[in-house]
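# Working through the structure, step by step
What follows is each chain in one-letter form.
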Amino acid sequence: MAASTRDTDVEPTRTRRSASHTRLWGWLLLPPAAWMMAFFVSSIIIVVLLSFGHVGPTGRPVFGASGANYAALWNETYLSVFLRSVVYASLTVLLCLLIGYPVAYTIALHGGRYKNALVAALVIPFFASYLIRMYAWSTLLSDEGLVNQALRWFGLSEGVRFLNTPGAVVAGLTYGFVIFMVLPVYASLERMDLALIEAGKDLYHGPLRTFFAVTLPATRAGVLGGVLLVLLPALGDFVSAQLLGGPSTFMIGNLIQQQFFESQNQPLGSALTVVLMIALLVFMVFYLRSTDRQRRES
Amino acid sequence: MTTLDAAAASSATPSATTPVAPAPARRRRRSVEGRPRIAVAFTALFFVVLYLPIVVVVLFSFNSRKSLSSFESFSTRWYVQFFNDDALLSSLRASLVISGVAMVGSLILGTMLALALERVSSRPSRILGTTALVPLVTPEIVTGVAALLLFTGLGIKLSLMTVIIAEITFSISYVAVIVRGRLSAMSDDVEEAARDLGCTPFQAVRLVILPAILPALVASGLLVFALVFDDFVLAFFTTGVDPQPLPVRIYSQIRLSISPAINAVGTCMMLVSILLIAFSLVVPRLFGRRDSGLDLISGG
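Residues numbered from 1 in each chain as written. Chains lettered and ligands numbered in written order. Predicted model: local features only at pLDDT ≥ 70, side-chain atom pairs only at ≥ 80, totals over all residues.

## So, the interface of chain A and chain B
The interface of chain A with chain B comprises 76 residues on the first partner and 74 residues on the second. Ranked by the residues each element gives to the side of chain A that touches chain B, the list is headed by helix H2 (residues 19-50) of chain A, at 21 residues. A class-by-class count of the residues in the side of chain A that touches chain B yields 53 nonpolar, 20 polar and three charged. (Contact = placed C-beta atoms within 7 Å. Helix = DSSP H or I, 4+ residues; strand = E, 2+ residues; numbered from the N terminus. Nonpolar A, V, L, I, M, F, W, Y, C, P; charged D, E, K, R; others polar.)

Structure below.
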């Protein structure tokens, strides 16, 4: 309701504007829209079409209309990789939330005058090459790496095998994408009226109950956004499993990469990509519906 | 969450046992003015882990021995090796060209998109506005596979050009979002006034709008350069054989054998991106604005 009245208020200025003016903006839309159609939309359509194709006799992919690729994915090997990818990505989201929320909370509420500097310190390493940082972890966590040396030096252990374990892959994903949780949660904490927390403490007695009754619900949008932003890259990642894991920890991204660069089966790789896209779309729709519900409630 | 709650809970327990009167004041002082020690320690640890791999790469790039786990003495031999390695140098040049061209291309197209979406309020433009955000939420592996199939399907030979096209497609949305944020903060009365004073629509854009969005343009340009320069996945799927972009070259070297020269290359790469990002964060201040570039990047 409120939105529609605001629209009518704006209307006079919009119509007053000269026709040539609006046409100019319309023309500006043409080149970027054409570019996105030519190189993004069309390429996604090709992936979907080719997933119904097959590899021709010369080894080149041929378009077709068979579901054979999808049928081929319905076996234990592929299904276990799908399941593993979902489990790793979900664990990553959970860890990012458990680590990212307190960090965002501490910076937002106790950062004081260092707040901006701390957020900058968060953002900057994220832009240092993901590949290099993952490579660094692979050397740090290796059998003779610094982490094991430190463990031995403190007498804590005789050496732990980190690489090629699911834990290393999930840790790598968490490390890579935790910033996507911290930033939206931080933004929603910043927008929140801190007097609410004070009021909550008077009302509910105790910071723990206040947190669950006041702070967490108030930052729900940030948490949901963070969950989505972490989940999207985590589910499609193949670098962490490649550098920190091995064939036993491969995720759907590794399978896609194999089909394109090793097996040269592009139609099967396309079918895998479509499965990944569908999984992400499901999460996306879920996200949009829950934010929608939240907007209607408030 | 758990650590904080533990911190919060531990500060709450005394108030339950001590006499009622002084408790609230003490609790309040602890939670708002004082900093819960556990939460601060946790955040400090977080930053240590965040920077640990970066510090290790930089440190071992100056190691005199061919070891990645024990430091012997300071040496620049890996840098010497890097700057004498023609394959790595041609990859570095390729990456710089890709980032530079992709930056210019996505700045032009992204700004056009932002201007059109912000100033045309029709239904199609709203739909396009949403569509323009799709690449931002598409995992890179999907975009990479799609671009590879498009190029091979069209019979275009994979080269630096194909990497550049893919990177522009991916970066347009970033520029559009950042520039649009700046535009929406700016009233269109200003350009109306310019038009009333006799500006042609083109002059209104050049004299009024462009100067106003310049900080956003510089910040998003630097951001795109850094993102593209580091980008591995898209480049991996769309590059030809020679010259390969730097991240792709590094990836194949890591898989073959671990060489400390990678640390020197990695240090240089991280230095480039970190400087660019740090610079893009202070850009608005250089233009005399009080807001920080963080708002531009986080979209706040």
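## Points about the confidence of the model for chain A
Summary statistics for chain A give a mean pLDDT of 86 and a share of 92% for residues scoring 70 or more. Predicted confidence for residues 1-16 of chain A stays below pLDDT 50, and this span has one contact to residues more than four positions away or in other chains. (pLDDT = per-residue confidence, 0-100.)

## Section: the confidence of the model for chain B
Residue and element names in this part refer to chain B. Of the residues in chain B, 83% reach a pLDDT of 70 or more, and the chain-wide mean stands at 81. Per-element confidence in chain B ranges from a low mean pLDDT of 40 for helix H1 (residues 2-17) to a high of 95 for helix H12 (residues 233-238). Under a pLDDT of 50 for its full length, residues 1-33 has, in the predicted model, 36 contacts with residues more than four places off or in other chains. Taken together, the chains of this predicted complex give a pTM of 0.84 and an interface ipTM of 0.86.

## Considerations on unusual backbone geometry
Residues and elements named next belong to chain A. The phi angle at Asn 164 is positive, at roughly 65°, despite the residue not being glycine. Judged by the 14 C-beta atoms lying within 10 Å of it, Asn 164 falls in the partly exposed class. Even without being a glycine, Gln 264 presents a positive backbone phi close to 55°. Secondary-structure assignment places Gln 264 in the loop between helix H14 (252-261) and helix H15 (266-297). (Buried ≥ 20, exposed ≤ 12 C-beta atoms within 10 Å, placed from the backbone.)

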